[in-house]
Amino acid sequence: MAELSNQLMAVTVLAYLAAMVLYAGEYAFGAKSRIGRAAVLPARELVGAGAPVPDDQPPSPVAVVPNSGRAEWVGRAAVGFNLLALLLHLGTLVTRGIAADRMPWGNMYEYILSATFVGSAVWAGVLLRRPALRHIGLFVSLALVLLLGADGMIAYTPVGPLVPALQSYWFIIHVSTIILASGILLIGAVPAAMFLIRDGYDRGKRRFPYTLGKSLPDATLLERLTFRLHAFAFPLFTFGALIAGPIWAEASWGRYWNWDPKEVWAFISWVVYAGYLHARATPSVKRTVATWIALLGFATMLMNLFGVNLFFSGLHSYANAGGM
Amino acid sequence: MTVVEERPAPPAAPPPRRPNRLWALLRNSWRQLTSMRTALVLLFLLAVAAIPGSIFPQRAVDSQRVTEYYAAHPKLAPVLERLGGFEVYASPWFASIYLLLFTSLIGCVIPRLLDHIRALRLAPPDAPKRFDRLPQSAPSVESAMTPAEAAAMLRKRRFRVKLREHEDGSVTVSAEKGHLKETGNLIFHFALLAVLIGVGFGHWYGWHGNRILVAGADQGFCNSLAQYDDSTLGPRVDAADLPNFCLTLDKFEASYQPDTGQPKGFEATVGVSENDGPVKTREFTVNDPLRLHHANVHLIGHGYAVTVRFTDRYGASQTKTVPFLPVDGMFTSEGVAQFPDVNIDPKTDRRDPALQMGFEGRYLPTVGTGATSTYPAENAPALFLTAYRGDLGLDVGTPGSVYSLDQGQIETGDLKNVSGERPHELKLGETWTLDDGTKLEFLGTRPYATLAIRYDPTQSLILVGAVLGLIGLMLSLGGHRRRVWFRALPASPDSSGGTLLAAGGLPRTDYPGFADEFAALVKAAEEGNP
């Protein structure tokens, strides 16, 4: 079973990679009919490519362009591979859990596997509800391929039982909520970055990252999605890191808060995301500034996920990084 | 921390009679401090200030690692010490940031609380003259509902409603919903304050200590300061305030994976006597502490204590049981057995400091081919010791580690290695005869448990605060404040009996779903659907 899980893991990465290549294909060859760009579209149709985007956003005008066929098929195939990869990802997790006879988040390898799964599932949900956002898929699948690749290469740990310190029902509560929250926060950074690029493009910036902006969804839509993902994940993260974590820490180590490196960085992430929510709720702070804060939060989450495990040792060290 | 959504501008202050510069400065500084911008800056400072605590070892977390850091960076360490680098979260600069932040918070949430209470007691404001200026509006249509019925319909949907009749004969229904958002917001921020105060009181009135408890009735422990290996009392706690209880470790069981040696489970069985009462047998383990009255006993580690008997040159023997500290997952353990009061000549009854004995080395529960243990359980136990004779340096009174010999004494030559470079191997029950005829016998081992004993009087209060804060947070993030108005114009003579109702709606926060909600309300009024 452990063997099967490892093979599924490899196939999962390949499937995400295939989805990424197909997204990139659509990105490169399909003219993007975005909201508010209907005016430029006739010219584009002459070039012979135009991907219609079913858009169910009530406030935005729907731009339907005659289908050029090829790019649309490539885009659909990308979504298909993405969903297939998600299923394989789930299979990897389930077989890993069966092999170990416990929840599959007992070490860093499994933790990242689970967190990326949550991120990928949230993305699939967004994709099915808002097909207009399909173009983000390139960046999401790129992030997933990189994270899973790094996970498999750096953090791989053979299947083993839980150390006694993790034998507690708080293991399930604390770690699962953190995985869920981190997954959503990590995926929330994607529309955040997209918003900044799109917004920069709309304001006339034409340097490199902003040139990508012309093919991205409407800035308001991206910004709202960013906020909703963060507003959903923040209370979850609060519960997982600042309530469930301390309750377990009290039972296990005797003290509810130990300023262990993992805790310090969770605290930092929490403070930064709190800053994002405050900044966004304040009219005098620009939405771009608020979104930059969200991206800073993303950086602190990455630091906690990889950096803390690799550079510091502390109470959370049983989340071992595969011998590093 | 003010989240200004749509707060009306404060009424213009009356011009001061005598402009007082100091007062103006104070007032402006206060406004500056309680502004959102300052709060955001302070939040970021707090995040940045927390980083050094994850980079440098913290004394409160692991003082051993601070000592190691001193050894590794002898120049940098004292500088860091002065800057508070080893006690970041107790340092004045960290405290000043969070105290400023909380002052800013108080300065913001108290006026907001007053505003909110006022808003809760006020009726929703009257309808604006023109609905078409609002984000949502519906023109006058013949509706099945009278204004009073529309008001009842809104009330049923948990709006706060006010019906007003005007002189021109028109009737307006004003409705508002979503005050829970601000309520939740205030609960969240006050809960944060409660948690901070709770943490402060917990620090003042709490205490904790660590202790290695070796198995056996002769190795019992009673809760007094002197019996701890290390301990910290809160500033408001006196040593006499510690609760009275005694513990003996009756049994300690550890089980491991047969192949990898990874631990599977631990179980400590102790005899507990509280307030000199009868001894009760209790069991506890990792993640499941022993909860006593005003003290919690946590199992945070375990190891082996080695029992050796030393027989000196005059035939007198002493037996000692000393804990050895594990240095790896297979419980290769290091420690020292010191015998300062040996080789006392029975004729003179005088102690010769040059003839004190110390044995330093390793204990391996399972001996393999190398210098480390190959399995954490005692499958093939052996001691590897080096014998030292001379002045152990214990009489000087400087506190040193009880797990290693005083290296200073060895360097000065006052304490000499008398057994050669290679440590001597002692299997269980074996006796080692030294060059002067004295003997060391390896009698056996006993398990020990490392206990962290703590009391924090406010931790349940903090939990309540944190949970309330989370509830408030969800209310504040999920809620939407919005207003809806209906206006019924005086019936014209040719109307067919229905009421002409116009409607307008104003979302007071970013709320994409408001259009749908508004349309549903208008439809309900039109169709007479209560």
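Before reading on, note that the structure itself is shown above.
So, how was this worked out
Residues numbered from 1 in each chain as written. Chains lettered and ligands numbered in written order. Predicted model: local features only at pLDDT ≥ 70, side-chain atom pairs only at ≥ 80, totals over all residues. Heavy atoms only, no water. Pairing = 2+ DSSP bridges. Helix = DSSP H or I, 4+ residues; strand = E, 2+ residues; numbered from the N terminus. Buried < 20%, exposed > 50% of the residue type's maximum accessible area, 1.4 Å probe, protein only. Patch = residues over 30% accessible without salt bridge, like charges linked within 9 Å, V, L, I, M, F, W, Y side chains within 5 Å. Areas by Shrake-Rupley, 256 points an atom, 1.4 Å probe, with all protein chains shown as cover. Salt bridge = Lys/Arg side-chain N within 4 Å of Asp/Glu carboxyl O.

As a further point, take the sheet that holds strand 8 (residues 263-274) of chain B. Read from one edge to the other, the open sheet built from 4 strands follows the order 5-7-8-9 (chain B), with strand pairing classed as antiparallel. Each edge of the open sheet is held by one strand with a lone partner, namely strand 5 (221-222) and strand 9 (280-284) of chain B.

Let us look at the pairing of strand 13 (residues 333-339) of chain B. All names here are of chain B. Of all 7 residues in strand 13, 6 are buried; the element is thus mostly enclosed. Where strand 12 (residues 317-326) and strand 13 come together, 2 bridges link them in antiparallel fashion. Looking at strand 13, one finds that Pro326 is bridged to Ser333. The antiparallel pairing of strand 12 with strand 13 creates a hairpin that spans 6 residues between the two strands, and Phe331 there sits at a positive phi of about 65°. With 7 bridges connecting them, strand 13 and strand 14 (residues 357-364) associate as antiparallel partners. Bridge pairing links Gln338 to Gly358 in strand 14.

Quick look at a nonpolar patch on the surface now. Residue and element names in this part refer to chain A. There is a patch of nonpolar side chains on the surface, built from Met1, Leu4, Leu87, Leu90, Val94 and Ile98 and spanning about 550 Å² of accessible area. A total of 4 residues in the nonpolar patch trace back to one element, the largest contributor, which is helix 3 (residues 70-100). Within the fold, Val94 resides in helix 3.

Residue and element names in this part refer to chain B. What the rule picks out here adds up to 28 salt bridges over all chains. For Asp132, the salt bridge goes to Arg130, with nearest N and O atoms at 3.1 Å. As a salt-bridge pair, Asp436 and Arg389 come within 3.0 Å of each other at their nearest N and O atoms. One end of the pair, Asp436, is in the loop between strand 18 (431-433) and strand 19 (439-455); the other, Arg389, is in strand 15 (residues 382-390), with 47 residues separating them in the sequence. Classification of Asp436 as partly exposed rests on a relative accessible area of 22%. A residue is classified by how much of its surface remains accessible, and Arg389, at 13% relative accessible area, is buried.

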